[in-house]
Every structure is written in C-alpha cells, then in structure tokens.
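Here's the letter readout for the chains.
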Amino acid sequence: MVKVFVTDIASLADPSENLALIDRLPTYRKEKILSLKKEADRKQSLGAGLLLRYALNKHGFSDADVFVGDNGKPICPGVGFNLSHSFDKILCAVGQGDLGCDVEKIRHAPRRRIRRFFSLPELEYLSCTSEWDRTFFQLWTAKESYLKMTGEGLRKAPTSFSVLAKDVSLPCIFQKFEDDGYIFSVCAMEEIENRLIYVSDDELFT
C-alpha cells in the first residue's frame, strides 16, 4: 500500500547558513542543495531530502540504498517513491511499484490559454465548476501525478489525455487530499492509504 508523507518547511533555516542541517543527507542531495541560488529552493530541496530519508526508514530502507540513475532521478531498489513540493509543503509517496505525486497551493489559477493544460473533457468539466481555482489544481495535480507515474513527463502533452475517472485508460488509482490550502494528488498501480502522514521538524531530524 502506498503511504503519503507530508512536511511543512516554513520553520526550516537556510541550509547554506547552517551546514549541519544537511549532515544526515547523502552526497547527491547535499550537492544539489548547495548548488541552488535561491533560499526557497534550498529549503525545499532540504525538506525533500529529509522527508525522503524519513519515509524510506519507515519502509526499512536508508539513504545508503539510494543511487542516482542515468536520468538523474534517485532510485532505491525494492521500493518506489516520488517527491513534490509547493511553497512550504513537501510531499513524498512511497510504495511497491511505479507511482507519482504532486502538490500545489491553491491560488489564483490562469483562465486564459488553458487549452494548453487540459483535454476537451477536462475543459468541459472546468466550465461547470463554481470553484475555478480549486478545481484547476485538483485536475492539474492529478495530471502531474499520472505523468510522473508513467515516466512520460514532458514527452506527453497534457492536452492528450484526461484524468477524469471516466476517461482514464490505465488501471491506476488516484487519491486526492486537500489540507491547509493545498491540493495533494497521488497516482499508483496499487492501493493508496487514504490519509496524509504529517512529519514534524523533530521527526525529520531524528
């Protein structure tokens, strides 16, 4: 079963000003953090590394089991995982096989040129909603999680498929969560636990 972990990085310090914060992380993550120019990006990468470390530990794995593949993506043999971040939230989904996840803060969503983002069925669905911003990000995070699960990413146009239940061709499972002004979506080929597991700062550094 896929478990879904979330943490909030609002209170994390800038790792470039306190290198002790990255001591527990593997070399590839340390290098990535210190290469980032913006403080917000460094904090997000730090939070992602710490949350992944925590989640893998809960599944009986450690950072030592992770290596970076040819495509630059971290891999841990024997377990599937995916990370996403938006503003102060970091999301990590962990399971047995291929999966994808995405998080977005609910905010003002574009109304112009949305034909670049959604298929015709999704556009029709959007046109009927009274909660444009919320519905936009529900659809968008679902699409992102689907593309990350299949590994197609930017190779597949977001307008070429629909994540509405009646249109999904793969036998995959979608799970959506909404909390604290954010939308969280997970897509997997196995059952997904129907709750978010919040991880505190203290737990991240345990």
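Residues numbered from 1 in each chain as written. Predicted model: local features only at pLDDT ≥ 70, side-chain atom pairs only at ≥ 80, totals over all residues. Heavy atoms only, no water.

**Comments concerning the sheet that holds strand E9 (residues 192–198)**
Next up, step 1: Reading across the sheet, the four strands line up as E4-E5-E1-E9 and stay open at both edges, with mixed pairing between neighbours. Of all the strands in the sheet, just strand E4 (80–86) and E9 have a single pairing partner and so form its edges. Sheet twist, expressed as the average angle between the axes of neighbouring strands with direction ignored, equals 20°.
Next up, step 2: In the sheet, E4 pairs with strand E5 (residues 89–95) via seven bridges, with the strands oriented antiparallel. By the bridge assignment, glycine 80 is partnered in E5 with glycine 95. (Pairing = 2+ DSSP bridges. Helix = DSSP H or I, 4+ residues; strand = E, 2+ residues; numbered from the N terminus. Axes fitted to C-alpha atoms, helices over the stretch in contact; angles between N-to-C directions.)

**Description of the sheet that holds strand E7 (residues 173–179)**
Through backbone hydrogen bonds, the strands of a sheet pair up, either in parallel or in antiparallel fashion.
Next up, step 1: Within the open sheet, the three strands sit side by side as E6-E8-E7. Their pairing is antiparallel. With one partner strand each, in any of the chains shown, strand E6 (99–105) and E7 form the two edges of the open sheet. Taken pair by pair, the neighbouring strands of this sheet meet at an average axis angle of 15°, ignoring direction.
Next up, step 2: Two elements, E6 and strand E8 (residues 182–188), share seven bridges in a ladder whose sense is antiparallel. Its bridge partner lying in E8, cysteine 101 is registered against valine 186.
Next up, step 3: Packing of helix H4 (residues 132–150) onto the sheet brings it into contact with E6, E7 and E8, and relative to E6 it is tilted by some 155°. (Contact = heavy atoms within 4.5 Å.)

**Some words on the pattern of salt bridges**
Next up, step 1: All told, the structure shown has eleven salt bridges when counted by the stated rule.
Next up, step 2: Of the charged contacts in the structure, one is a salt bridge between aspartate 8 and lysine 89, with a shortest N-O distance of 2.8 Å. Taken as a pair, aspartate 8 in strand E1 (residues 2–8) and lysine 89 in strand E5 lie far apart in primary sequence, 81 residues in all.
Next up, step 3: Lysine 89 is paired through a salt bridge with aspartate 180; the nearest N and O atoms lie 2.9 Å apart. A residue pair is termed long-range when its members are at least 10 positions apart, and lysine 89 in strand E5 and aspartate 180 in the loop between E7 and E8 qualify at 91 residues.
Next up, step 4: Each of Lys3, Glu193 and Arg195 takes part in salt bridges that share partners, so that together they form one network. (Salt bridge = Lys/Arg side-chain N within 4 Å of Asp/Glu carboxyl O.)

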